[in-house]
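An overview of the molecular structure
Residue-level listing of the chains:
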Amino acid sequence: MQLTALLEPTLDGGLKLATIPCRANDAELWFAESPADVELAKALCADCPVRTACLAGALERREPWGVWGGQLLVQGVVVPRKRPRGRPRKCEAAA
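Quick look at the structure, then. (Residues numbered from 1 in each chain as written. Predicted model: local features only at pLDDT ≥ 70, side-chain atom pairs only at ≥ 80, totals over all residues. Heavy atoms only, no water.)

**Examining the sheet that holds strand β1 (residues 65-68)**
As a reminder, the rule being used: Strands are treated as partners if at least two bridges between them are detected by DSSP. A helix here means a DSSP run of H or I that spans at least four residues, while a strand means a run of E at least two residues long, and both kinds are numbered starting from the N terminus. Under this scheme, a helix contributes an axis fitted over its contacting stretch, all axes are lines through C-alpha atoms, and angles between N-to-C directions fall in the 0 to 180 degree range. What makes two residues a contact is simply this: any of their non-hydrogen atoms within 4.5 Å.
Strand order in the open sheet formed by three strands is β1-β2-β3, with antiparallel pairing between adjacent strands. Every interior strand has two partners, whereas the edge strands, β1 and β3 (77-79), have only one. Ignoring which end each strand starts from, the neighbouring axes of this sheet average 40 degrees apart. Where strand β2 (residues 71-74) and β3 come together, three bridges link them in antiparallel fashion. Within β3, the position partnered with L73 by the bridge is V78. In the packing of helix α3 (residues 35-45) onto the sheet, contacts are made with β1 and β2, and the angle to β1 comes to roughly 30 degrees.

These values are about where atoms sit, not about what they do.
Quick look at the structure:
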């Protein structure tokens, strides 16, 4: 079942699914590898009318990854930011 099918009862009569950012933009953005793309998806969620319900549903389902309700989930837990691929730098000053 699609997430938007679960959210439809929470939508106002005048609100269209096309106004929800994850429906109006490329869905791949919400599951991107690039930290910059993940931050863009989180920013697009900021004004979403179903953001709270989206995050609550994702946490309840323990979604394994992706941006849900403006938060990044990794292994079902909210994390502050996506780390880039590869080994972390040894010296933070060089970053």
